[in-house]
Amino acid sequence: MAIKSRPIYNGFDLEMPAQRHIFVLEGEGALALLEKVNPSHPMLGQSEILYSPVGSSHEQAIVKLNAANFFTAPSSEILLNRFAAILSTATMSTRLYAAGTEGFIGAAVNVAARYGVKSASIVKEHRGSLRRRVQCVHCKGFNSDITASPFHCEHCKLYLFVRDHFSTRLNAFQGVCVNAEEPHLFPEPVELYQ
Amino acid sequence: MDLKFTTETYRDDFSFRNSPEAIRRYPFPFHADSYMYAINMEDHVAGKPGTAYEHPIDVDEHYISEMADRALVLKEDPLRCQALSHMMTAQWDTLELLMIHQSIAYPDLFTLERDKDKCHWINRPLGIDDKFIFGDRSTLPYEPMEYIMRQSQGDFCIVDQRDNSLWMDAGMVTCQADWSLDFDIGMSFMEWHAPVPMAHELGIFDRALKFLMNVQQGRPARRLNWTMTVNPRLDTSPENYHKWGSEKTTVTKENIGAKLHLRCELQSFWRLPRSNALLFPIRQYLISLNDIATIPKWACRMHRVLKTIPDPLAEYKGFSRNRQLAIDFFAPFDNGQETTKGADPE
Amino acid sequence: MTVHTEMSVTVTDIELVADAIKQFTLERVDGQPMPAFAPGAHIVVSMMDAGRLRRNPYSLMSSPRDPWNFRISVLRVERSRGGSVFMHDVIAVGDTLTISQPVNLFPVDILARRNLFIAGGVGITPFIPMMEVLNEKGGVFELYYSIRSRSHGAFWSEMSALYPNRVKIAVGAEGYRFDYHELLINQPLGTHLYVCGPKLMLEHIFNIARDLGWAQENLHFELFLAPPSGSPFTAKLASSGKEIVVAEHQSLLESVEEAGVDAPFLCRAGACGQCETRVLASDGEIIHNDIFLTDEERKSGTKIMPCVSRFVGVGLTIEL
């Protein structure tokens, strides 16, 4: 069943008009673009691609696209800083695209929000790991790269199950104590988000 | 109405009690002998005297004690009251609306005097007497929303309307049924309702959203929602679930009548004039099963409703563990006869 | 049950502010203050025009800070189905009208970093309180206002004087028109565009914006589409068991109201969707004049917006 609070990732649609196209791609997110265009696509002449490989190896393929501008960032954080700098002078005739893990897309959405861009205006495609960032509802601490539920909160040590409830603002799922009613029970963790 | 405020607690020794008058005015949520999730919206118009609907913003005998419990919750966890920065106009709209309705309905308890933007607010039950300038944050001890919500029963959400949706952008939530304002703040209508089972598939939220976006100034709407709570605890927050969750396992055949409570939410929906936002007061009313059993019609109906609730809903409302015990408790009150229409006690 | 939230108002002032535009000042008969409102709101004015009930929406243009009166402006539309001519020729100072509570279908986006207002003719009205409130709060805005001639356009000199660097006027009679492509191509990210004016102007501007790549979320409009006239037709109202005749210069919604049947509405201009009604049977053609229904919904023939749409044929049954 779809998670209603989760952002909707409709996938890349490259046919919408704009004067300028800005792509922020993380890891396997590069494939969202590579699978849709070949180097002759006319939009590439108006496109800027920011890419953070994080272990993947699509850099050469992107270079071959010969976009108007291409930047490989050593980390997603550096990529997002550059993204922010570009947005600070961009115009409304610009279309934004984000692809990669859920956490990366969420971070890009929050950067764009600072420049008055709504999440619904950004073209998104989810690629790569399903690992979740989870906020403990009890101590409010964040837990990164969660693959199994339940798990122990790294901050307050409570045993949390991952609720299918996602906050874009926090860029995290909600973790809730799984054995609050019967504290002596510790259900076996299940690997759900590889 | 002559209100006699009770002094009682919603934690530790749980001294909360309803007077016989409070039982009779309880907004019993079941209008028929079976239950299904529905929007059940109606105009929020003044109802009969002696009911919780008599005034659009209801103040009852628990007022002082509820406000004391709220203050305790906020002391421990200030994140229960939050407003995104663009909601300041809506905060003032909210303060005005609550002050006007409380002072009109209960002139003995509350007084609002206004001369253009100069306001004088007197809250006698809580011993508050403040002069402030409407629209000037620096003339109040708190931001306007927190100021008035520390003096108003129930939880409150202020939602902004834009992009064809509603956004949970401010609120005071200290007596909620298992949801976290701190987590949900900034979410759209569909996002914050995501954890509710079944209703999405039935298209209920699409219709509810459309209805709410068209709520007009001067014409508020309301609906009832309900859940069950072990002990008369107001703060059944997810934040503190690890502290109160184990209470759910303490219900027995012997103590269920005093321990298990029906918790009815009277939700109303108001268009705010200057901000075009909506105010959702969520007013909760607690009643023990023993108290319900003093009204034969309600006790009979409880038995039938509890039997027909779908399992996922019982699970979501957090009482599947104690459901059978509750059904057994009410079974002797079910005389097999048809109950009279509506939710009135007779 | 129907809740009546309308109020009686007295017309306390009428001013001819342009060749065919009159401004009306309204105060409550009971002496109470007006309800507060957010810029962009309109009211619906009910009037008895030659024995026929008319309800027309008009944007509030008075100051949201002044609780003692509402002001609206009415363009006299010749050959119209009524309402505006009645307001111009019949209503006089001292007359009483009935108005609705303010309804806001054209709010300023609270998260906008910049606001670009484009007005055509009498479409200037909602922008007047918007600019006042934004100006007070230090918000960023610009107004591009097109008028046929200086005598046809209302409030252009007042607005130019209030916000000298932020108001641009294009006077058609003087051979000047805005180049909207030029205007929209370089607007900074986070700008919201609001258009109020004739339908053709709105479509022209939005087409340019979409082609340039503007996000749908940043485009807002208000359209004052008077219900078009047409041949009279009959309609059966299934729930209330009535049969009504819709006259040439009357909308289906107005005819329903005249028959004493309560029907929901908000904008009365085919835009908001509130009056959407199911068509149960139809032997003929529905003339869809709204901009709310999707093409699919129109083709299906199962829905109608009674505030602006009509019917040609032998039998129409709707669920009201």
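Residues numbered from 1 in each chain as written. Chains lettered and ligands numbered in written order. Predicted model: local features only at pLDDT ≥ 70, side-chain atom pairs only at ≥ 80, totals over all residues. Heavy atoms only, no water.

Participant: Lay out the overall build of chain A in plain terms, naming residues and giving numbers.
Facilitator: Secondary structure summary: chain A contains four helices and 12 strands in total. Viewed in the frame of its principal axes, chain A has a C-alpha envelope of about 60 × 30 × 30 Å. Long-range contacts, defined as pairs at least 24 residues apart, comprise 63% of the intrachain contacts of chain A with a sequence gap of at least 6. Total accessible area computed for chain A in this model is approximately 8500 Å², and 53% of it derives from carbon and sulfur atoms. Side chains of chain A give 18 positive and 17 negative charges; the mean places of these two sets differ by 8 Å. (Helix = DSSP H or I, 4+ residues; strand = E, 2+ residues; numbered from the N terminus. Contact = heavy atoms within 4.5 Å. Areas by Shrake-Rupley, 256 points an atom, 1.4 Å probe, with all protein chains shown as cover. Lys, Arg positive; Asp, Glu negative; His and termini not counted. Charge placed at Lys NZ, Arg CZ, Asp CG, Glu CD.)

Participant: Can you explain the interface of chain A and chain B? Please cite residues and give values.
Facilitator: Each side of the interface is counted separately: chain A has 24 residues, and chain B has 26 residues. When chain A packs against chain B, close to 2200 Å² is buried across both sides, 54% of that on carbon and sulfur atoms. Joining chain A to chain B, the criterion identifies six salt bridges. Counting every contact that joins chain A to chain B gives 14 residue pairs in polar contact (both at pLDDT 80 or more). The set of elements that each furnish at least two residues to the side of chain A that touches chain B consists of β10 (159–167) and β11 (172–177) of chain A. Take the side of chain A that touches chain B: its biggest share by element is five residues, from β11 of chain A. (Buried area = accessible area lost by both parts, 1.4 Å probe. Salt bridge = Lys/Arg side-chain N within 4 Å of Asp/Glu carboxyl O. Polar contact = N/O pair within 3.5 Å; in protein donor to acceptor, adjacent residues only side chain to side chain.)

Participant: Break down the domain arrangement of chain A for me, citing the residues and quoting the values.
Facilitator: Residue and element names in this part refer to chain A. Partitioning chain A into domains gives domain 1 (20–126) and domain 2 (132–191). The C-alpha centroid of domain 2 is placed 31 Å from the C-alpha centroid of domain 1. Domain 1 puts six residues into the contact, and the matching count from domain 2 is five residues. Across the domain 1 to domain 2 interface the summed buried area is about 380 Å²; carbon plus sulfur atoms make up 49%. (Domains from an automatic or database assignment.)

Participant: Which residues make up the pattern of salt bridges, and what values go with them?
Facilitator: Enumeration according to the criterion identifies 51 salt bridges over all chains in this entry. Two residues, E146 of chain B and R150 of chain B, come together in a salt bridge whose shortest N-O distance is 2.9 Å. Assessed through its relative accessible area of 22%, R150 of chain B is described here as partly exposed. Of the charged contacts, one joins K303 of chain C and E276 of chain C as a salt bridge, the two residues approaching to 3.5 Å between their closest N and O atoms. (Buried < 20%, exposed > 50% of the residue type's maximum accessible area, 1.4 Å probe, protein only.)

Participant: I'd like a description of the nonpolar core, backed by residues and values.
Facilitator: In terms of nonpolar packing, the biggest core is built from 46 residues, with F83 of chain A together with I118, L184, L193 and I205 of chain C touching the most fellow members. Here the element with the most residues in this core is helix α5 (residues 199–212) of chain C; it accounts for seven residues. Residues contacting L193 of chain C, with those up to four places away along its chain left out, are L116, I118, L184, I205, F206, A209, W214, N218, L219 and H220 of chain C. The next biggest cluster of nonpolar side chains, apart from the first, holds 37 residues, and it includes Y53, L262, L313 and F319 of chain B. (Core = buried A, V, L, I, M, F, W, Y, C linked by side-chain atoms within 4.5 Å.)

Participant: Which residues make up the pairing of strand β9 (residues 141–147) of chain C, and what values go with them?
Facilitator: Residues and elements named next belong to chain C. β9 sits mainly inside the fold: six of its seven residues count as buried. Strand direction decides the pairing type here: strand β8 (residues 114–120) and β9, joined by six bridges, are parallel. By the bridge assignment, G120 is partnered in β9 with S146. Following the backbone out of β8, through helix α2 (residues 127–137) and into the adjacent parallel β9, one traces a crossover that is right-handed. Relative to strand β10 (residues 167–171), β9 is paired through five bridges, and the arrangement is parallel. Across the sheet, I147 pairs through a bridge with V171, a residue of β10. (Pairing = 2+ DSSP bridges. Right-handed = clockwise from strand over helix to strand, strands pointing away.)

Participant: Can you explain helix α2 (residues 63–76) of chain B? Please cite residues and give values.
Facilitator: Note: α-helices contain 3.6 residues per turn, so residues at a spacing of three or four share the same orientation. Across its 14 residues, α2 of chain B extends 21 Å between first and last C-alpha, which sits within 8% of the 20 Å expected from 1.5 Å per residue. Those residues of α2 of chain B that fall on the buried side of the exposure criterion are Y63, S65, E66, M67, D69, R70, V73 and L74 of chain B. (Expected span 1.5 Å × (residues − 1).)

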